[in-house]
Amino acid sequence: MGIMQLMNDVAGHADDEDDLTWDEAVAVFEAAQPVDLVRSHRQILVIIRYADDRFTATSPELTGFEVSGPTLAETRRLAREAVTAYVDPAVEILECLPQSPTGTAGASRVFICDHASVFRTSSQSGSGTAFVSSHRPRRMPA
Amino acid sequence: VARVDVAVLIVDPSIRIKIGRKDPPLTEDEVREVALYAREAETRWDDNEEHGLRLIVRGRTYAGRPLIAYLLPANLNDPEEGTFILKTAMAQLRD
């Protein structure tokens, strides 16, 4: 069976299968055959923005992940700690950093990077940087 | 010891809608968190007469919600190849 046929099969039966309660799903899980979950290398993006004199880190891959700090270094450290505690050691953390926050104090500024200042951090070691790209972050309109 | 890697997770829009309508509702992103990234996720094979071979993933989202997801291997000739299709998922009701 090809993948498209499988997808059609899944879509065609979306409403009529596996409507288990949580307890039933746990029972099925407990009765099933254990298998080791090993993860191949993959990446997760952490985006750090600067607004209202604070840095805030979020990740499109982690719902609800948000940490803030008074400095970029502190925010990076807190973000790495939080993400590393959750993700598998095989997951590489890519940090997308804002431009240096200069200008009017208190002004709200948000930056986003396309291929901007990206730091690679291993969730296994919790430290280390590999490169900073030459691309500049794009400033978002207020 | 059997091993498996969930490297790619395909989610059909109908399944995205289905899990979003559950009580409590779930998002595709929450399932991906657990299936693709979570350190503490557990996996088991379930060879069901009605539904066939399925990989069951149990874990917690980053926000701490316990969830269970049922995945179909995309390549039935090599179920451990790493590509899976989300069949359904459910989250534990809050106490």
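Residues numbered from 1 in each chain as written. Chains lettered and ligands numbered in written order. Predicted model: local features only at pLDDT ≥ 70, side-chain atom pairs only at ≥ 80, totals over all residues. Heavy atoms only, no water.

### Quick word on the pairing of strand β3 (residues 54-58) of chain A
Residues and elements named next belong to chain A. Keep this limit in mind: Burial here depends on accessible area, computed with a 1.4 Å probe over protein chains only, as a share of the maximum for the residue type. Under 20% is buried, over 50% is exposed, and the range in between is partly exposed. Note on conventions: DSSP H or I runs of at least 4 residues are helices, E runs of at least 2 residues are strands, and numbering of each starts at the N terminus. Strand pairing is assigned whenever DSSP identifies at least 2 bridges connecting the two strands.
A one-sided burial pattern is seen for β3, the buried positions being F55 and A57 and the unburied ones R54, T56 and T58. Relative to β3, strand β2 (residues 42-51) runs antiparallel, the two sharing five bridges. The residue of β3 that forms the bridge with I47 is T58. In the sheet, β3 pairs with strand β4 (residues 66-69) via four bridges, with the strands oriented antiparallel. Bridged to T58 within β4 is E66.

### Observations regarding the sheet that holds strand β5 (residues 66-73) of chain B
The condition that has to hold: Contacts were defined at the residue level, with two residues in contact if any of their heavy atoms lie within 4.5 Å. Geometry is summarised by axes, namely lines fitted to C-alpha atoms with helices restricted to the contacting stretch, and by angles between N-to-C directions that run from 0 to 180 degrees.
Ordered by their spatial adjacency, seven strands build an open sheet running β1(B)-β1(A)-β3(B)-β4(B)-β5(B)-β6(B)-β2(B), and the pairing between neighbours is mixed. Pairing within the sheet leaves two strands with one partner each, and these edge strands are β1 (3-4) and β2 (8-10) of chain B. Summarising the sheet, β5(B) and strand β6 (residues 83-91) of chain B pair through seven bridges and their orientation is antiparallel. By the bridge assignment, B:L72 is partnered in β6(B) with B:I85. Sheet contacts for helix α2 (residues 22-31) of chain A: β1 (33-37) of chain A together with β3 (42-48), β4 (52-60), β5 and β6 of chain B; angle to β5(B), the most-contacted strand, approximately 55°.

### Things to note about unusual backbone geometry
Put simply, B:D23 and B:P24 share a cis peptide bond, and its omega is 5°. Position of B:P24 relative to the elements: it lies in the loop between α1 (13-20) and α2 (28-37). Even without a glycine there, the phi angle at A:D52 is positive, about 50°. For A:D52, the location among the structural elements is in the loop between β2 and β3.

### Thoughts on the interface of chain B and chain A
Spelled out, the test is: Defined in terms of a 1.4 Å probe, buried area is the accessible area two parts forfeit on being brought together, summed over both. What counts as a salt bridge is simple: a side-chain nitrogen of Lys or Arg found within 4 Å of a carboxyl oxygen of Asp or Glu. Polar contact is defined as a pair of N or O atoms within 3.5 Å, subject to the rule that within protein one atom must be able to donate a hydrogen and the other to accept it, and that residues adjacent in sequence are counted only when both atoms are side-chain atoms.
Tallying the contact residues gives 53 residues for chain B and 44 residues for chain A. Summed over both sides, the interface between chain B and chain A buries roughly 4400 Å², with carbon and sulfur atoms accounting for 59% of that surface. We note a salt bridge from B:D5 to A:R42, for which the minimum N-O separation is 2.7 Å. Across the chain B-chain A interface, the total number found is 23 residue pairs in polar contact (both at pLDDT 80 or more).

### Side note on the pairing of β2(A)
Residues and elements named next belong to chain A. The sheet contact formed by β2 and strand β5 (residues 91-96) spans six bridges and is parallel. Across the sheet, R42 pairs through a bridge with V91, a residue of β5. Where β2 folds back onto β3 in an antiparallel hairpin, the turn is made up of two residues, including D52, whose phi is positive at roughly 50°.

### Let's talk about the confidence of the model for chain A
Residue and element names in this part refer to chain A. Note the cut-off: Predictor confidence is given residue by residue as pLDDT, running from a minimum of 0 to a maximum of 100.
Looking at chain A, pLDDT values average 74 and 56% of them are 70 or higher. Considering each helix and strand of chain A separately, the mean pLDDT is smallest for strand β8 (residues 138-139), with a value of 39, and largest for β4, with 97. Every residue in residues 102-111 is under pLDDT 50, and counting partners more than four places away or in other chains gives 22 contacts. The low-confidence segment residues 125-142 (pLDDT under 50) makes 39 contacts with residues lying over four places distant or belonging to another chain.

### Looking at the pattern of salt bridges
Applying the stated criterion across every chain, the model contains 13 salt bridges over all chains. A:E74 serves as the salt-bridge partner of A:R77, at 2.9 Å between the closest nitrogen and oxygen. Residue A:R77 and its partner A:E74 are both found in helix α3 (residues 72-86); the two are separated by three residues, about one turn of the helix. For A:E74, a relative accessible area of 27% corresponds to the partly exposed category. When the shortest N-O distance is used, the salt bridge between B:R65 and B:E30 registers 3.0 Å.

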